[in-house]
Amino acid sequence: MTLGDRDVGFRLIADALSEVFWISDRDMTELRYVSPAYERVWGRRVEDFYRDPSSFLEAVHPDDRERVRANAQQRPSGTAFDHEYRIVLPDGAVRWIWGRGFPVLDATGEVSHLVGVAQDITERKRDAEERATLDERYRIVSQATNEGLWDWDMTTDRAWWSEAYYSVFGYDRAAMPSFAAWLERVHPEDRDAMVGTLKGLLSSGADHWEGEYRLLRPDGAVVDVFQRAFVLFDERGKAVRLVGTLRDITARRRLEDQLRHAQKMDAIGRLAGGVAHDFNNIVQTAMLELALLQQVPGVPVAALGHVRELRAAMERASSLARQMLVFSRRQPMHLRPVALDETIHAVTNMIGRIVGEDVVVEVAPGALEVAVMADPSMIDQLIMNLAVNARDAMPRGGTLRIETSVATHGEMFGLPAGEYACISVRDTGVGIAADIRDRIFEPFFTTKETGKGTGLGLAMVHGIVEQHRGRIEVESEVERGTTFRTYLPTTITPVPTRAAAPVPRSARDGSTILLVEDDAHVRRAVRATLEQAGYRVVEADCGSAAIATYEQEAHRIGAVLTDLVMPGNMNGHELAVQLVARKKDLKVILATGYSHGVEVPERGPHVALLRKPIDAHRLLSVIGDCVRRPDAAPTR
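**Quick notes on the overall build of the protein**
What the protein contains, in helices and strands, is 18 helices and 22 strands. When burial is assessed residue by residue, the protein has 44% of its 636 residues classed as buried. Here the analysis covers contacts within the protein between residues at least 6 apart in sequence; of these, 61% occur between residues at least 24 apart. For the protein, the accessible surface area stands at approximately 33,100 Å², while carbon and sulfur atoms represent 52% of it.

**Comments concerning the packing of helix H16 (residues 543-553) against helix H17 (residues 572-582)**
Remark: H16 packs on H17, axes separated minimally by 10 Å, with the N-to-C direction vectors making an angle of 15 degrees. Classed by the angle they form, the pair H16 and H17 counts as roughly parallel. The handedness of the crossing between H16 and H17 comes out as right-handed. From H16, Gly 543, Ala 546, Ile 547, Tyr 550 and Glu 551 reach across to H17, where they touch Leu 575, Gln 578, Leu 579 and Arg 582. Of the residues in the contact of H16 with H17, the class split is five nonpolar, two polar and two charged.

**Regarding the side chain of Asp 427**
Mapped onto the secondary structure, Asp 427 falls in strand E15 (residues 418-427). With no salt bridge to any partner, buried Asp 427 finds its closest opposite charge in Arg 426, at an N-O distance of 8.7 Å. For Asp 427, the side chain forms a polar contact with the main-chain nitrogen of Gly 429, separated by 2.8 Å. Leave out the neighbours within four places in its chain, and Asp 427 touches Ala 390, Ala 393, Met 394, Thr 399, Arg 480, Gly 481 and Thr 482.

**Looking at the nonpolar core**
Where a protein is soluble and globular, its nonpolar side chains tend to be buried together. By size, the foremost hydrophobic cluster in this structure holds 36 residues, and its most contacted members are Ile 351, Leu 382, Ile 383, Leu 386, Leu 400 and Phe 484. Broken down by secondary-structure element, the contributors of at least two residues to this core are helix H12 (340-355), strand E13 (371-374), helix H13 (376-392), strand E14 (398-409), E15, helix H14 (457-467) and strand E17 (481-491). If one sorts the elements of this core by residue count, H13 sits on top with eight residues. Contacts of Leu 386, omitting those with residues within four sequence positions, involve Val 425, Leu 458, Val 461, Phe 484 and Thr 486. Counting 28 residues, the second largest nonpolar core, distinct from the first, contains Met 154, Trp 182, Leu 183 and Ala 239.

**Some details on the sheet that holds strand E4 (residues 94-105)**
In space, the five strands of this open sheet follow the order E2-E1-E5-E4-E3, with antiparallel pairing throughout. Edge positions in the sheet fall to strand E2 (31-34) and strand E3 (81-88), since each has one partner strand and no second. Adjacent strand axes in the sheet meet at a mean angle of 20 degrees, parallel and antiparallel pairs treated alike. Relative to strand E5 (residues 111-120), strand E1 (residues 20-25) runs antiparallel, the two sharing six bridges. If you follow Trp 22 over to E5, its bridge partner there is Gly 116.

**Observations regarding the confidence of the model for the protein**
Per-residue confidence for the protein averages 80 on the pLDDT scale, and 81% of its residues sit at or above 70. Taken as a whole, residues 499-503 scores under 50 in pLDDT and shows five contacts with residues more than four places along the chain or in a different chain. Below pLDDT 50 for its whole length, residues 630-636 participates in 27 contacts with residues either more than four positions away or in separate chains.

**Observations regarding the pattern of salt bridges**
Should the charged atoms of two oppositely charged side chains come close, the side chains can pair. The final tally for this structure, using the stated rule, is 33 salt bridges. Ionic pairing is found between Arg 214 and Asp 190, a salt bridge with its closest N-O pair at 2.9 Å. Separated by 24 residues along the polypeptide, Arg 214 in strand E8 (residues 208-216) and Asp 190 in helix H9 (residues 188-204) bring together distant segments of the chain. For Asp 190, a relative accessible area of 14% gives the class buried. The partner of Glu 403 in a salt bridge is Arg 426, with the nearest N and O atoms 4.0 Å apart. Of this pair, Glu 403 sits in strand E14 while Arg 426 sits in strand E15, placing them 23 residues apart in sequence.

**Structural notes on H9**
End to end, H9 covers 25 Å across 17 residues, agreeing with the expected 24 Å (1.5 Å per residue, within 8%). Residues of H9 that are buried include every one of Asp 190, Met 194, Leu 198 and Leu 201, and no others. End-on view of H9: buried residues confined to an arc of 75 degrees, all on one side of the axis. Turned more than 90 degrees off the buried face of H9, the exposed positions are Asp 192, Lys 199, Ser 203 and Ser 204. Check the buried side of H9 and you find it contacts helix H8 (179-185), E8, strand E9 (222-233) and strand E10 (239-248). Positive phi shows up at Gly 205, right after H9, with a value of about 85 degrees.

**Here's the deal with the packing of aromatic side chains**
Here the structure, examined in full by the defined rule, presents nine aromatic pairs. Residues Tyr 38 and Trp 42 carry aromatic rings whose centres are separated by 5.2 Å and whose planes lie at 20 degrees to one another, so their mutual orientation is stacked. Here Trp 42 and Tyr 38 lie together in helix H2 (residues 37-42), a separation of four residues that amounts to about one turn. The exposure class assigned to Tyr 38 is buried, which follows from its relative accessible area of 2%. Taken together, Tyr 38, Trp 42, Phe 49, Phe 56 and Tyr 85 form an aromatic cluster joined through their ring pairs.

So, how was this worked out
Residues numbered from 1 in each chain as written. Predicted model: local features only at pLDDT ≥ 70, side-chain atom pairs only at ≥ 80, totals over all residues. Heavy atoms only, no water. Helix = DSSP H or I, 4+ residues; strand = E, 2+ residues; numbered from the N terminus. Buried < 20%, exposed > 50% of the residue type's maximum accessible area, 1.4 Å probe, protein only. Contact = heavy atoms within 4.5 Å. Areas by Shrake-Rupley, 256 points an atom, 1.4 Å probe, with all protein chains shown as cover. Axes fitted to C-alpha atoms, helices over the stretch in contact; angles between N-to-C directions. Parallel < 35°, antiparallel > 145°, perpendicular 65-115°, else oblique. Left-handed = near helix turned anticlockwise from the far one by under 90°. Nonpolar A, V, L, I, M, F, W, Y, C, P; charged D, E, K, R; others polar. Lys, Arg positive; Asp, Glu negative; His and termini not counted. Salt bridge = Lys/Arg side-chain N within 4 Å of Asp/Glu carboxyl O. Polar contact = N/O pair within 3.5 Å; in protein donor to acceptor, adjacent residues only side chain to side chain. Core = buried A, V, L, I, M, F, W, Y, C linked by side-chain atoms within 4.5 Å. Pairing = 2+ DSSP bridges. pLDDT = per-residue confidence, 0-100. Expected span 1.5 Å × (residues − 1). Arc of directions from axis to C-beta. Phe/Tyr/Trp six-rings, centres within 6.5 Å; stacked < 30°, edge-to-face > 60°.

Rendered as structure tokens:
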């Protein structure tokens, strides 16, 4: 049964629809009308459908057929139904259909017939699947690169953020993605610049931009980010969308900052080392000349008092030079096993005098029988500098506690696995603010008033620790105090017994010393000191000249005193090797103060190490010991 002629108007409208419109009896055993779109969508003739309405289910995809049949069985109850399903065309093609049907009731409330519409949604489903696939690709790319992907529709201010936006940058998942929500996360100091940048991008007609700025996480952490933005235009050339990526570069920026800091420290270290080398020579010359002046007959007592004051000033200058060299890591080290707790005990009395009566010094040794391979004088200097720093942090007094312990570290603090001795220096002072904590080991950085600190104390500590292949950590809280923990690798090498310091000797036997020094002022002062003590001195200003002089005076020369660092193609160590090769029992004394780029030999029977600046007492002690004891070469 089909529609009658009186329904011609309705037929014309239905025939014009792109969707399939149909009318059937309540049991769908008889079709009253099916629009022509059925043939286009189903690929089957309308006449066949009129003749056999059950053929509808035959066209439904086998996987969807039972579900469609179950939905159709709801129609006698008077309930509308809609569903999505697939149909299979005669040529095997598959299409997606959205169908909706509802019953029409008669005057008695009974179902009279059914009407419905079916729409081909294949393209829409395909688009949805492609969008889902694209979203999945976005998600995978975002996870793989740890970058946030974003898409901002400027016409609607609607945005889309990838998963990384939430997981990496901490965006609130409940917040609606938008330009305003993103801008709220931009660091306040960067916000105006970013708005200006985006406005400039959109007004310039450029199609992309990239740059760095900072974001604020909800927990307050600051994240450095690198962003790329690409502009999409409509057919009239108007910017309508921005899409791009956002990458967390915080770790990279930290590494770059550390590299720049290391390069800066190295450059300053080279400068400090060079200055300290020249400064040492000046100090040494002054110290030796002052010692000679004290021995001039008839010098007034008042003048001798001034000389002593000058010598004290030179000692302070010498200490400053050592600090600069330690900071620059160019101070030559003389390593030996050191009993840590004995060292702490030895410097305790000196610390008490330095910090003053209003600071209580507590010592808690906990590393009994533990030794470290160290330069004893440097360890003393490390502890003293930390103590001085603690004293300055307690202007109204307090407690300074020095503890030793043993710790085992794996990868902690970047140290190799092994046993470490820990020196903890804790004060109850003003503490260190978080914003300057990363700078405390920088050279010449100080929070003290002008004239009350050089800013080299902690830099020197850091240099000593680094030279000993250790690590130093700091914990501090404002107004609660500070703790420095120094970790040094332990050693099982036995601690040697300390020998008494040799007494300066004169050489009335006229022993000959070969003096090799490129600085004329130092050479003249050292020569005068040795000659006054009774030595005969022959001199050279470089390694090649020293070889030539030795060849002429070999039968007379009893010892060689040479600077370690010298200009030209031969340093003091290389000179020593050549001279000892000529005479096996020859004693060579290396004066060391600045060893950058020069190998410092291990202590041996024929090589002594003498640290600059050298005062007359130490100079004559070492020279006398070498000349008169052919079986030893002490280190000073």
